[in-house]
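Examining the three-dimensional arrangement
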Amino acid sequence: MNNYLLELRIRRAFGRFEPLDAPVLALEELKVAYIPVPKAANSSVRSALMASIGNEDAELLSVQELHSSTRSMLQPASKFFSKPRADWHVFTVVRNPSSRARSAWQNKLIDPPEIFGPLKRMGIRDRMSFEDFLKTCADWPSWALNDHFMPQSLYLSTVLNFSDLAVLHVETLSQDWPKLRDELIARGATSVPLTLGRKNVSAVPETPEISEIARKTLNSLYGKDYDAFDYDRP
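Calculation criteria
- Residues numbered from 1 in each chain as written.
- Predicted model: local features only at pLDDT ≥ 70, side-chain atom pairs only at ≥ 80, totals over all residues.
- Heavy atoms only, no water.
- Core = buried A, V, L, I, M, F, W, Y, C linked by side-chain atoms within 4.5 Å.
- Buried < 20%, exposed > 50% of the residue type's maximum accessible area, 1.4 Å probe, protein only.
- Helix = DSSP H or I, 4+ residues; strand = E, 2+ residues; numbered from the N terminus.
- Contact = heavy atoms within 4.5 Å.
- Pairing = 2+ DSSP bridges.
- Patch = residues over 30% accessible without salt bridge, like charges linked within 9 Å, V, L, I, M, F, W, Y side chains within 5 Å.
- Areas by Shrake-Rupley, 256 points an atom, 1.4 Å probe, with all protein chains shown as cover.
- Salt bridge = Lys/Arg side-chain N within 4 Å of Asp/Glu carboxyl O.
- Expected span 1.5 Å × (residues − 1).
- Polar contact = N/O pair within 3.5 Å; in protein donor to acceptor, adjacent residues only side chain to side chain.

Bringing the nonpolar core into the picture now. Leu119, Phe133, Leu134 and Phe149 are the most contacted members of the largest nonpolar core, which totals 49 residues. Within the residue set of this core, elements represented by two or more residues are α1 (3–13), β1 (23–27), β2 (32–35), α4 (77–80), β4 (89–94), α5 (97–110), α7 (130–138) and α10 (212–228). The greatest single-element share of this core, amounting to five residues, is contributed by α10. Ignoring any residue separated from it by four or fewer positions in sequence, one finds Phe149 in contact with Arg100, Ala104, Lys108, Phe116, Leu119, Phe133, Cys137 and Tyr222.

Of all five residues in β1, four are buried, a share of seventy percent or more. Relative to strand β3 (residues 74–76), β1 runs antiparallel, the two being bridged by three bridges. What sits directly across from Val24, in β3, is Gln75. Alignment of β1 against β2, held across three bridges, turns out to be antiparallel. Each bridged residue has a counterpart across the sheet, and for Leu25 the counterpart in β2 is Tyr34. Connecting β1 to the antiparallel partner β2 that follows it, the hairpin turn spans four residues, and Lys31 within it adopts a positive phi of roughly 55°.

It is worth spelling out a nonpolar patch on the surface at this point. A surface patch of nonpolar side chains, about 310 Å² in accessible area, is lined by Leu6, Ile10 and Phe14. Here Leu6 is to be found in helix α1.

Between its first and last C-alpha, α5 extends 18 Å over 14 residues, near the 20 Å set by a 1.5 Å rise per residue. Burial analysis of α5 places 13 of its 14 residues in the buried class, the great majority of the element. Backbone nitrogen of Ser98 and a side-chain oxygen of the N-cap are separated by 2.9 Å at the start of α5; the cap is Asn96.

Take the environment of Phe229 next. Mapped onto the secondary structure, Phe229 falls in the segment after α10. For Phe229, a relative accessible area of 4% puts it in the buried group. Contact partners of Phe229, with chain neighbours within four places excluded, come to Val94, Gln152, Ser153, Leu156, Leu160, Val167 and His169.

Structure (structure tokens):
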């Protein structure tokens, strides 16, 4: 067994690792909460939310600076939902599992000068094809995958039980943004961007050709995502 996986199993058994307790970005003054899903317009939405509470320089921050500046605002979903939230507007954004997986592969394995740390700990030491990357992820328990690669339905499993959760889709986010913007303004937001910017975008075609093996692996790894969020299977 991979030593990293063994470590995760032990930490989880002792309650020191809660991979399915998704973080919540709570804007207390607006009573708006966002559950960020990595590789699903996460940085873009965070930037807009920070601008909406008066941080007008948020759009100028690098992705790393943006995430660092909002880290202290995050809390585990179990803690956030331990209190009544009926008067809150709670939303998340999901993405087609196929394009999300390819974007994560490109952004964390192919493009950077250094391979993403969690991938190294999985034993990935060299660049590899999308097909091989998917097969490596499929060999791991889904709960043990880094949140950039974990199935969205599993990552959000705790918060999906909240009946008033608004689940938006990356593919239609630009059309949904005006309604969300109106909600933020109605709750007292100040400088809400007219349009949602795009941060941390990988240069990946939206509908690339994939091999039959990759197709089958995507369905095996992310089958519940396609069904839960109404995406066509590849």
